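Here is what each chain is made of, one letter per residue.
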Amino acid sequence: MKDMIRWGVIGSTGIARRRTIPEGITKASNATLVSVYSPEAQANRDVARQFGAKAAGSVGELLGAEVDAVYISSPPATHVEHAIACARAGKHVLCEKPLALDVAGAERVVRACADAGVTLGAALMMRFHAQHRAALQFIREGRLGKPVLGRAQLSCWYPPIPGAWRQNPAEGGGGSLMDMGGHCLDLLEMFFGHVTVVSCMTNRTVHGYEVEDSAVVTAQFANGALGVVDAFFCIPDAASKNVLELYGSKGSILARGTIGQGDAGEMTAFIEEDKGYDAAQARAAAQGIPINPQPVNTYRAEIEEFGRAILEKRAPENSAEVGLRSQRILAACYQSAAEKRTVGL
C-alpha cells in the first residue's frame with residue numbers, strides 16, 4: 001500500500017522489543033513490521049515470532065527484504081556501519097541517538113543518506129510528548145515572555161551489569177550524559193533554540209564502570225537564555241522526578257515525569273501579568289494553568305511522523321540536522337569535562 005511504510009529493525013532486542021516495536025511500529029497507522037535482525041539469534045527469533053515478522057539472519061538478509069525503512073537500535077558503535085549499509089541499499093533510516101560514537105561518524109551517516117537520497121532521522125522521541133509539544137506552543141505564542149532558564153533532569157539507578165554496552169565507552173560512547181543527557185539537551189534546544197556554549201562536569205561517583213555515572217551541563221543559548229541538564233546513573237529511580245523547568249520573563253512552565261519513556265506527567269504554567277517591582281517579593285500560592293493535552297505515545301508518534309516525512313518527501317521533525325546537532329553538543333560537553341573549560345559550538 002502506498003500509504004504504508006514497511007519496516008525492518010536492526011537491533012531487535014532492548015528498547016526495540018520493549019518499546020519501539022510494540023508501541024511504535026506495530027501501532028502506527030502508516031507502518032507495518034516486516035523483518036527484524038539481532039546478532040542474538042534466539043532472542044531475534046523470539047521477537048519475530050512475538051510480532052509476526054521475519055527473523056533475518058544478517059543485516060544483508062534484512063536489507064534484501066521488501067522494507068522501505070529501517071529502525072536502528074543496535075549499540076552506538078555499530079550505528080555508522082548499519083546506517084551506511086541501509087543507505088546504500090536505498091532504505092530510509094531512523095537511527096537511535098547518538099548517530100555515532102563521535103561527530104565524524106555522525107557526519108558520515110548524514111552524507112551517506114544524503115548521497116543515497118534516503119531520509120535520515122534521529123530517534124529523539126521525547127520531542128513528541130504531548131505536554132512537551134504543548135509547552136513549545138506556549139513558548140512560541142510568547143506567553144512565557146523572553147526565555148531565561150531551562151532545566152531538564154533525567155536520572156535513574158543503573159548498577160554495574162556484565163556485558164551492558166551503555167557501561168562500555170567503546171560500545172556506547174559515554175555514560176549518563178550520552179544516554180540520557182542527550183535527550184535533555186535536545187529538548188532544551190527544541191524549546192529555546194540553538195546552544196552556543198556549554199560547560200560540563202562528569203564523574204564516576206558511585207559505580208565503578210568506565211563511563212560516567214554523573215553529569216551536569218550548563219549551557220547558553222543563542223537567544224541569551226541559560227540551561228542546566230543533570231543526568232545520573234546513580235540516583236534511585238523513585239528519587240528522581242525527571243523535572244523539566246522552563247522560565248521566562250512572564251512566568252514559568254514546571255513539570256515532573258514528562259521526561260522519560262512514558263506519555264504521562266504533570267505540567268503547570270505559572271504566568272504573571274506585568275507589574276512593578278515588589279520589594280517584599282511576596283509569593284502567593286498560585287494555582288497555575290494545568291497543561292494536560294490528550295496523552296500521545298511518543299514511540300508511535302515518532303514512527304508516524306517519520307513515515308509521513310518519507311511519503312511527503314520532506315525532512316522529519318527529528319531530522320538528520322537535529323541528530324547531528326545533538327552529536328556536536330554532546331562532543332562539546334565531553335570536551336568541556338575533559339579540559340575543564342567552557343566550549344563553544
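Presented here is an overview of the structure given in this document. (Residues numbered from 1 in each chain as written. Predicted model: local features only at pLDDT ≥ 70, side-chain atom pairs only at ≥ 80, totals over all residues. Heavy atoms only, no water.)

### So, helix α10 (residues 320–339)
The α-helix advances 3.6 residues per turn, and as a result positions three or four apart in sequence lie on the same side.
Phase 1: In this model α10 runs 28 Å from its N-terminal to its C-terminal C-alpha over 20 residues, within 8% of the 28 Å that 1.5 Å per residue would give.
Phase 2: Along α10, 14 of the 20 residues are buried, which leaves the element largely enclosed by surrounding structure.
Phase 3: Lys-340, located one to two residues past α10, shows a positive phi value of around 55°. (Helix = DSSP H or I, 4+ residues; strand = E, 2+ residues; numbered from the N terminus. Expected span 1.5 Å × (residues − 1). Buried < 20%, exposed > 50% of the residue type's maximum accessible area, 1.4 Å probe, protein only.)

### Things to note about the packing of helix α4 (residues 79–88) against helix α5 (residues 103–116)
Phase 1: For the pair α4 and α5, the least separation of the axes is 9 Å and the interaxial angle reads 5°. By the criterion of interaxial angle, the relationship of α4 to α5 is roughly parallel. For the pair α4 and α5, contact is made by His-79, Val-80, Ala-83, Ile-84 and Ala-87 and by Gly-105, Arg-108, Val-109, Ala-112, Cys-113 and Ala-116, respectively.
Phase 2: Looking at the contact of α4 with α5 residue by residue, the class counts come to eight nonpolar, two polar and one charged. (Axes fitted to C-alpha atoms, helices over the stretch in contact; angles between N-to-C directions. Parallel < 35°, antiparallel > 145°, perpendicular 65-115°, else oblique. Contact = heavy atoms within 4.5 Å. Nonpolar A, V, L, I, M, F, W, Y, C, P; charged D, E, K, R; others polar.)

### Observations regarding the side chain of Glu-189
Phase 1: Counting through the fold element by element, Glu-189 comes out in helix α8 (residues 176–192).
Phase 2: The class of Glu-189 is buried, set by a relative accessible area of 11%.
Phase 3: Separated by 2.7 Å, the side chain of Glu-189 and the backbone nitrogen of Val-195 make a polar contact.
Phase 4: What Glu-189 contacts, discounting residues up to four positions off in sequence, is His-194, Val-195, Phe-221, Arg-325 and Ile-329. (Polar contact = N/O pair within 3.5 Å; in protein donor to acceptor, adjacent residues only side chain to side chain.)

### Concerning the sheet that holds strand β3 (residues 54–55)
Phase 1: Sheet architecture is open: six strands sit in the order β3-β2-β1-β4-β5-β6, paired in parallel fashion. Two strands bound the open sheet, and with one partner strand each, they are β3 and β6 (120–123).
Phase 2: Sheet contacts for helix α1 (residues 15–25): β1 (5–10), β2 (31–37), β4 (69–72) and β5 (92–96); angle to β2, the most-contacted strand, approximately 160°.
Phase 3: Packed onto the sheet, helix α9 (residues 298–312) meets β1, β2, β4, β5 and β6 and runs at close to 155° relative to β5. (Pairing = 2+ DSSP bridges.)

### Some words on unusual backbone geometry
Phase 1: With an omega of -5°, the peptide bond between Lys-97 and Pro-98 qualifies as cis.
Phase 2: For Pro-98, the location among the structural elements is in the loop between β5 and α5.
Phase 3: The backbone of Lys-313 sits at a positive phi, close to 55°, despite the residue not being glycine.
Phase 4: As for its position among the elements, Lys-313 is in the loop between α9 and α10.

### A short note on the pattern of salt bridges
Phase 1: The tally for this structure, following the rule as stated, stands at 19 salt bridges.
Phase 2: Two residues, Arg-19 and Glu-23, come together in a salt bridge whose shortest N-O distance is 3.0 Å. With Arg-19 and Glu-23 both in helix α1 and four residues apart, this pair spans about one turn of that helix.
Phase 3: The class for Arg-19 is partly exposed, based on a relative accessible area of 23%.
Phase 4: A salt bridge links Glu-61 to Lys-54; the shortest N-O distance between them is 3.7 Å.
Phase 5: Here Glu-61 falls in the partly exposed class, since its relative accessible area comes to 34%.
Phase 6: Several salt bridges converge on common partners, so that one network encompasses Glu-305, Arg-308, Glu-312 and Arg-314. (Salt bridge = Lys/Arg side-chain N within 4 Å of Asp/Glu carboxyl O.)

### Describing the nonpolar core
Phase 1: Core analysis: the largest hydrophobic core is formed by 72 residues, its most contacted members being Trp-7, Phe-191, Leu-246 and Ile-253.
Phase 2: Element by element, the count of residues in this core is highest for α8, at 10 residues.
Phase 3: Discounting residues that sit within four places of it in the chain, Leu-246 has contacts with Ala-135, Ile-139, Leu-144, Leu-149, Gly-150, Leu-188, Phe-191, Phe-192, Gly-251, Ser-252 and Ile-253.
Phase 4: Counting 30 residues, the second largest nonpolar core, distinct from the first, contains Val-80, Ala-100, Ala-106 and Val-109. (Core = buried A, V, L, I, M, F, W, Y, C linked by side-chain atoms within 4.5 Å.)

### Quick word on α9
Phase 1: Its 15 residues place the ends of α9 21 Å apart at the C-alpha level, agreeing with the 21 Å of an ideal helix rising 1.5 Å per residue.
Phase 2: Along α9, 11 of the 15 residues are buried, which leaves the element largely enclosed by surrounding structure.
Phase 3: Those residues of α9 that sit buried are Thr-298, Tyr-299, Ala-301, Glu-302, Ile-303, Glu-304, Glu-305, Phe-306, Gly-307, Ala-309 and Ile-310.
Phase 4: In this structure, the buried residues of α9 make contact with β1, α1, β2, β4, β5 and β6.

### With respect to the environment of Ile-72
Phase 1: Structurally, the position occupied by Ile-72 is in strand β4.
Phase 2: Taking the relative accessible area as the measure of exposure, Ile-72 reaches 0% and is therefore buried.
Phase 3: For the pair Ile-72 and Leu-94, spaced 22 residues apart in sequence, the C-alpha to C-alpha distance is 6.3 Å.
Phase 4: Discounting residues that sit within four places of it in the chain, Ile-72 has contacts with Ile-10, His-79, His-82, Ala-83, Cys-86, Val-93, Leu-94, Cys-95 and Glu-96.

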